[in-house]
Amino acid sequence: MKHLAAYLLATLGGNATPSAADIKKILGAVGVEAEEERISKLLAELNGKDINELIAEGSKKLSSLPAGGASAAAGASGAAAAGGAAEAPKEEKKEEAKEESDDDMGFGLFD
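Note that this is a predicted model, so its numbers are computed, not measured.

### Some points on the nonpolar core
Counting 10 residues, the largest nonpolar core consists of Ala6, Tyr7, Ala20, Ile23, Leu27, Val32, Ile39, Leu42, Leu46 and Ile51. Among the secondary structure elements, those contributing two or more residues to this core are helix H1 (2–12), helix H2 (20–29) and helix H3 (36–46). Each residue touching Tyr7, except ones within four places of it in the same chain, is listed here: Ala16, Pro18, Ile23, Leu42, Leu43, Leu46 and Ile51.

See the structure below:
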């Protein structure tokens, strides 16, 4: 992801076809070590393609995917209609306490 982000930053800055050196320079500016293998794979995948067209294509694909929030809400309302509403909040409190202990999950954003 960090290599793709650097590639996108370079294109946003006006460089239509960033090179491996451009990506390394951007990553180096924020103190991230660039991986040569990943950069070469990224450049091979994007070679000859317009990044704006790829983003538009990906957006169309993502818009067709279900978000998943509606089914969870429907399941909760079905449980309430069945009379199980009193038990559901107790279970949620247990889950929240479990989630709080794993706030950073042992890694940072750019590790």
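Here the narrative resumes.
### Looking at a nonpolar patch on the surface
A surface patch of nonpolar side chains, about 400 Å² in accessible area, is lined by Met1, Leu4, Leu8 and Ile55. Turning to its location among the elements, Leu8 is positioned in helix H1.

### Describing the packing of H2 against H3
Viewed as axis vectors pointing N to C, H2 and H3 meet at an angle of 130 degrees, and their least axial separation amounts to 10 Å. Classified by the angle between their axes, H2 and H3 sit oblique to one another. The two elements H2 and H3 cross, and the hand of that crossing is right-handed. Taken together, the residues of H3 that come into contact with H2 (itself represented by Ala20, Ile23 and Lys24) are Glu36, Ile39, Leu42 and Leu43. Its residues assigned to classes, the contact of H2 with H3 shows five nonpolar, no polar and two charged.

Basis of the calculations
- Each chain carries its own residue numbering, running from 1 in the written order of its sequence.
- Only residues with pLDDT of 70 or above have their local features reported here, since the model is predicted, and side-chain atom pairs are shown and tallied only from 80 upward, although totals for entire chains, interfaces and linings are computed over all residues.
- The side-chain figures draw on all heavy atoms in the structure; neither hydrogens nor water molecules are used.
- To form a nonpolar core, buried Ala, Val, Leu, Ile, Met, Phe, Trp, Tyr and Cys residues must be joined to one another through side-chain atoms within 4.5 Å.
- A 1.4 Å probe rolled over the protein chains alone gives each residue an accessible area, and that area as a share of the maximum for its type sets the label: buried under 20%, exposed over 50%, partly exposed in between.
- The numbering of helices and of strands both runs from the N terminus, where a helix is a DSSP run of H or I of at least 4 residues and a strand a run of E of at least 2.
- For this analysis, residues touch if any pair of their heavy atoms sits within 4.5 Å.
- Distance thresholds for patches are 9 Å for like charges and 5 Å for nonpolar side chains (Val, Leu, Ile, Met, Phe, Trp, Tyr), applied to residues having over 30% relative accessible area and no salt bridge.
- Reported accessibility uses the Shrake-Rupley method at a 1.4 Å probe radius. Residues are deemed covered only where the shown protein chains occlude them.
- Definition used for salt bridges: Asp or Glu carboxyl oxygen within 4 Å of a side-chain nitrogen of Lys or Arg.
- Every angle, taken between N-to-C directions, lies between 0 and 180 degrees, and every axis is a line fitted to C-alpha atoms, over only the stretch in contact when it is a helix.
- Oblique is the label for any angle not under 35 degrees, not over 145, and not in the 65 to 115 range, which are roughly parallel, roughly antiparallel and roughly perpendicular in turn.
- Should the near helix be turned counterclockwise from the far one by less than a right angle, the crossing is left-handed, whereas a clockwise turn marks it as right-handed.
- Nonpolar residues are Ala, Val, Leu, Ile, Met, Phe, Trp, Tyr, Cys and Pro. Charged residues are Asp, Glu, Lys and Arg, and all others, Gly as well, are polar.

Keep in mind these values describe shape, not function.
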